[in-house]
Amino acid sequence: MNQTAIAYSNIFLEHNTGSSHPESSERLKFILNKLKSTSYFKDLVLLSFEQASPTHLEMIHTKTYVKSILEELPKLQYGYLDGDTPFSPKSLDASLYAVGAGLKLADEILARNVQNGIALVRPPGHHAEQDHAMGFCIFNNIAITAEYLIQKGIQKVFILDWDVHHGNGTQNAFYHRKDVFFCSLHQFPFYPGTGASHERGIKEGLGYTLNIPLPRGSGFFEYEKAFHEIVIPAIDEFQPEFFLISAGFDAHTKDPLGGMELPTSAYEKFSEIILQKAKEFAENRVISFLEGGYNLNALADSVEAHISVLHDYPV
Ligand SMILES: [Zn+2]
């Protein structure tokens, strides 16, 4: 079995955010060029996939929101969904394929055609709320895949969000649930303002949201300590059947938006920790979703470091 699948489409390059926006198509071009230079690129399974349907979107988003996006974006062509979330004529297609990428990876892994995979997509998803777009995100790619896995019979999904920003949309989607654990390490205080450690879930979801806010300037030492003292014990207790990662790389020391100090090698270490836990509990099943990361070279290097572990980790 080939171990690792990539869900990528050129349509993601056509989500045009304008010349000065950090979330640009150059990000994916740099990542793809980097991957093509690796010795293992030929081993990666390149998936083709379809657009998500309204039914898929409504697993997380409200009917009203889905309807407004599907109807308004084609009419308006250009505009902003919130202050920093622009759209252009191909953005709707791109955002529907971005959701479809995660669903296809889920299907392929459930069918045991591959062990793990990554959705190299734009727009990203973790800030998208049930009823509105936010923070460069239109639909919540990772949350929709998590719910899709639950509907396919997976009983416990663990979402790890290591993007430098708190994944507010994902947290809110599962805040009341105990079958999808949401764990986030992020710079705090910082955009979007949520993610304090006292945000732990409600009702039967209490204790199934775990926020690890870290001060600006945190580096490998602080992150590694948090992994060993907080994240790993939470995984051990939850015993997930499937791991999803909101893999943003904007906590990299070179990132122009984030204020953290992680070296590229940190993403290799974090990936190894999750792959080890996935082997222990989840039959090696892991899907990553590209979220942020805005220094083009640091992003490409960090994604490559992450995928090298997905590809090489002994399963
Ligand atoms: Zn981010």
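Residues numbered from 1 in each chain as written. Predicted model: local features only at pLDDT ≥ 70, side-chain atom pairs only at ≥ 80, totals over all residues.

**Q** I would appreciate a short explanation of the overall build of the chain in the present structure.
**A** Tallying secondary structure elements over the chain gives nine helices and 10 strands in all. Over its C-alpha atoms the chain spans a radius of gyration of 18 Å, differing by no more than 12% from the 20 Å that the globule rule assigns to 315 residues. Referenced to the eigenvectors of the C-alpha coordinate spread, the extents of the chain come out at roughly 50 × 50 × 40 Å. Long-range contacts, defined here as pairs at least 24 residues apart, represent 76% of the contacts in the chain between residues at least 6 apart. (Helix = DSSP H or I, 4+ residues; strand = E, 2+ residues; numbered from the N terminus. Rg over C-alpha atoms; globule rule 2.2 N^0.38 Å. Contact = placed C-beta atoms within 7 Å.)

**Q** How should the nonpolar core be read in this particular structure?
**A** Soluble globular proteins tend to pack their nonpolar side chains together in the buried interior. Membership of the largest hydrophobic core comes to 102 residues, with the highest contact counts inside it found for Ala-7, Leu-105, Ala-119, Leu-120, Ile-159, Phe-243 and Leu-244. Among the elements that line this core, the one with the most residues is helix α4 (residues 91-110), at 11 residues. In contact with Leu-105, other than residues within four places in its own chain, are Ala-5, Ala-7, Leu-47, Gly-117, Ala-119 and Ile-287. (Core = buried A, V, L, I, M, F, W, Y, C linked by C-beta atoms within 7 Å. Buried ≥ 20, exposed ≤ 12 C-beta atoms within 10 Å, placed from the backbone.)

**Q** In this structure, what is going on with the pairing of strand β1 (residues 4-7)? I would like to understand it.
**A** Two faces belong to every sheet, and in a regular strand the side chains alternate between them. Going residue by residue along β1, you find Thr-4 and Ile-6 tucked away on one face and Ala-5 and Ala-7 tucked away on the opposite face as well. Strand direction decides the pairing type here: β1 and strand β5 (residues 116-119), joined by four bridges, are parallel. Across the sheet, the residue bridging to Thr-4 is Asn-116, located in β5. Bridging between β1 and strand β2 (residues 45-47) involves three bridges; their strand directions are parallel. Bridged to Ile-6 within β2 is Leu-46. Between the parallel elements β1 and β2, the chain passes through helix α1 (residues 26-36) in a crossover that is right-handed. (Pairing = 2+ DSSP bridges. Right-handed = clockwise from strand over helix to strand, strands pointing away.)

**Q** Even after reading the chapter, I still don't get helix α5 (residues 141-151), so can you show me in this structure?
**A** Helical periodicity: at 3.6 residues per turn, an α-helix aligns residues three or four positions apart in one direction. For α5, a buried count of nine out of 11 residues is recorded, marking the element as mostly surrounded by other parts of the structure. Buried residues of α5: Asn-141, Ile-142, Ala-143, Ile-144, Thr-145, Ala-146, Glu-147, Tyr-148 and Leu-149, and no others. Two residues or fewer past α5, Gly-153 is found with a positive phi of approximately 110°.

**Q** Hey, could you run me through the environment of Thr-145 in this one?
**A** For Thr-145, the location among the structural elements is in helix α5. Considering only alpha carbons, one finds Thr-145 and Tyr-40, 105 residues apart in sequence, at a separation of 26 Å. When sequence neighbours within four positions are dropped, the list of residues in contact with Thr-145 reads Gly-102, Leu-103, Ala-106, Leu-244 and Ile-287.

**Q** Would you mind showing me how to read the sheet that holds β2 here?
**A** Strand pairing in a sheet relies on backbone hydrogen bonds, with the paired strands running either antiparallel or parallel. Within the open sheet, the eight strands sit side by side as β2-β1-β5-β10-β9-β6-β7-β8. Their pairing is parallel. If you trace the sheet from one side to the other, it starts and ends with β2 and β8 (209-214), each paired once. Looking at each pair of strands side by side, their axes are set apart by 15° on average, direction ignored. Pairing of strand β7 (residues 180-187) with β8 involves six bridges; the strand directions are parallel. Within β8, the residue paired with Gln-187 across the bridge is Leu-214. Strands in contact with α4 are β1, β2, β5 and β10 (286-290); relative to β5, the strand with the most contacts, it is inclined by about 175°. (Axes fitted to C-alpha atoms, helices over the stretch in contact; angles between N-to-C directions.)

**Q** Just checking my understanding: could you explain the packing of helix α8 (residues 264-281) against helix α9 (residues 296-312) for this structure?
**A** Each packed pair of helices is defined by two parameters, the angle between the axes and the distance between the axes. Running from amino to carboxyl end, α8 crosses α9 at an angle of 25°, the nearest separation of the two axes being 8 Å. One way to sum up the angle between α8 and α9 is to call them roughly parallel. Pair α8 / α9 crosses with right-handed handedness. Each of Thr-264, Ser-265, Tyr-267, Glu-268, Ser-271, Glu-272 and Leu-275 in α8 lies in contact with α9, whose residues at this interface are Ala-298, Asp-301, Ser-302, Ala-305, His-306, Val-309 and Leu-310. Among the residues making up the contact of α8 with α9, the classes are represented as six nonpolar, five polar and three charged. (Parallel < 35°, antiparallel > 145°, perpendicular 65-115°, else oblique. Left-handed = near helix turned anticlockwise from the far one by under 90°. Nonpolar A, V, L, I, M, F, W, Y, C, P; charged D, E, K, R; others polar.)

**Q** Which parts of the structure should I look at to understand unusual backbone geometry?
**A** Negative phi characterises most residues that are not glycine, and trans characterises most peptide bonds. The omega torsion across Arg-122 and Pro-123 is -10°, close enough to zero to call that bond cis. With respect to the helices and strands, Pro-123 occurs in the loop between β5 and α5. Omega for the peptide link from Phe-188 to Pro-189 comes to 0°, which places this bond in the cis form. Positive phi values are uncommon outside glycine, yet Glu-283 reaches one of about 50°. Counting through the fold element by element, Glu-283 comes out in the loop between α8 and β10. You will see that Asn-284, though not glycine, has its phi angle at about 70°, which is positive. Judged by local crowding, Asn-284 falls into the buried class, with 21 C-beta atoms found within 10 Å.

**Q** How do you make sense of the environment of Pro-233 when you look at a structure like this?
**A** Its place among the elements puts Pro-233 in helix α7 (residues 220-238). Each C-alpha atom of the pair Pro-233 and Lys-178 lies 17 Å from the other, and the pair is 55 residues apart in sequence.

**Q** When you look at the pairing of β5 in this model, what are you seeing that I'm missing?
**A** Across the two faces of β5 the burial is the same, with Asn-116 and Ile-118 and Gly-117 and Ala-119 all buried. When β5 meets β10, the two strands line up parallel, connected through four bridges. From the neighbouring strand, Ala-119 faces β10, where its bridge partner is Phe-289.

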